[in-house]
Amino acid sequence: MIKKKLAIVVSGGGMSSSYGAGATSALVKEFHLTKPDIVITGSGGAGTMAYFVAGQYDLITKIWTNLLSTRKFINPIRFWRVMDVDYLIDNVFKKQASLDVGKVSSSNIKYLISATNLRTGKIEYFSNNNHDDIFEALRATKAVPIIFNKKIMIQGEKYCDTSLSAEVGSHVMKAVEMGATDILVIDTINDNHLAGSIFHVWFFFRNKLFRKNYVEQKRKVKVFTVPRGINIITLSPSRRLQARNLNNNKKALIDNMKLGYRDCKNSIDVKEPLSNPK
């Protein structure tokens, strides 16, 4: 008999990721799911899942409802750095809601954080099991081109966030590669034509190797078929989210979290396989 192996895969999506935070809270409180085998995430979902892996569940709510609705984090008129990821990492994650990186690193959960290599154009995963610097991995996965306007150096390579590292497709492929038999996908990515247009301009100025590898990996994700026998459960917003992309209005963030919690709690697709956790 094949041993069950559960992976939780969480997308990014800017402030839409508050929906995923609400859904994650429901997994803990409603289904008592705290020890999946694998967690794979990137971009906006990475911070939430770091606290999940550390067992600091209450801080997930505190961060999204109280600490992110400030212009110190997102300020549309600060055009040189609309989103200040350094503030998020160095003030929120390290001080105001101190992430216990020791617990993240020692957890039996295999926690992977995605980022895009700026030289090669390939997605790479940083892991809590490889002695990677969790804070710098979180900084890299959230380094949105133009909006954050900063490249993150890790072990001699520069990284940023792209749709390749933010969307769930690459993460599902990775979960399958790692032997997951059941994959719970929390997907909050939303279409943003303006952001897409800006990315295409940025992408045009990348080196030839970056563009070639990036396009090839996107193609692989698009044509990937989940092997037979692997159970995929997908949770996505049941209605349009109030906080999306760069909208960090406190009321909207709370609304997103509540919706994520309700959707997860009430989802038959989620409820049936998780009602009897292993």
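Please refer to the structure higher up on the page.
Treat the numbers as computed from the prediction; the structure is a model and nothing was measured. (Residues numbered from 1 in each chain as written. Predicted model: local features only at pLDDT ≥ 70, side-chain atom pairs only at ≥ 80, totals over all residues. Heavy atoms only, no water.)

Draft legend 1. Looking closely at the overall build of the protein. Looking only at helices and strands, one finds twelve helices and eight strands in the protein. The C-alpha radius of gyration computed for the protein amounts to 17 Å, which stays within 12% of the reference 19 Å derived for 278 residues, consistent with globular compactness. Reported as C-alpha extents along the three principal axes, the dimensions of the protein are approximately 50 × 40 × 35 Å. Every one of the 278 residues in the protein was classed for burial, and the buried ones make up 53%. The long-range fraction of contacts in the protein, counting pairs at least 24 apart against all pairs at least 6 apart in sequence, stands at 76%. (Helix = DSSP H or I, 4+ residues; strand = E, 2+ residues; numbered from the N terminus. Rg over C-alpha atoms; globule rule 2.2 N^0.38 Å. Buried < 20%, exposed > 50% of the residue type's maximum accessible area, 1.4 Å probe, protein only. Contact = heavy atoms within 4.5 Å.)

Draft legend 2. Representation of the nonpolar core. Leu27, Phe52, Phe93, Leu99, Tyr111, Leu138 and Val270 are the most contacted members of the largest nonpolar core, which has 66 residues in total. Considering each element in turn, this core owes the most residues, seven residues, to helix α2 (residues 46–54). Listed in part, the 24 residues of the second largest apolar core include Tyr125, Ala180, Ile183 and Ile230. (Core = buried A, V, L, I, M, F, W, Y, C linked by side-chain atoms within 4.5 Å.)

Draft legend 3. Inspection of helix α1 (residues 17–29) at higher detail. Here α1 is 13 residues long and its end C-alpha atoms lie 19 Å apart, about the 18 Å a rise of 1.5 Å per residue gives. In terms of burial, α1 is largely enclosed, as twelve of its 13 residues are buried. Among the residues of α1, those classed as buried are Ser17, Ser18, Tyr19, Gly20, Ala21, Gly22, Ala23, Thr24, Ser25, Ala26, Leu27 and Val28. (Expected span 1.5 Å × (residues − 1).)

Draft legend 4. Local environment of the pattern of salt bridges. Within this structure, the stated rule accounts for twelve salt bridges. A salt bridge links Asp182 to Lys4; its shortest N-O distance comes to 3.8 Å. With Asp182 in strand β7 (residues 182–186) and Lys4 in the segment before β1 (6–10), this residue pair connects regions lying 178 residues apart in the sequence. With a relative accessible area of 13%, Asp182 lands in the buried category. For Lys4, a relative accessible area of 54% corresponds to the exposed category. Lys150 is paired through a salt bridge with Asp86; the nearest N and O atoms lie 2.8 Å apart. Residue Lys150 is located in the loop between α6 (134–141) and β5 (152–154), and its partner Asp86 is located in helix α4 (residues 85–96); the two are separated by 64 residues in the primary sequence. We classify Asp86 as buried; its relative accessible area is 13%. A single salt-bridge network, built from bridges that share partners, covers Arg81, Asp86, Asp90, Lys94, Glu136, Arg139 and Lys150. (Salt bridge = Lys/Arg side-chain N within 4 Å of Asp/Glu carboxyl O.)

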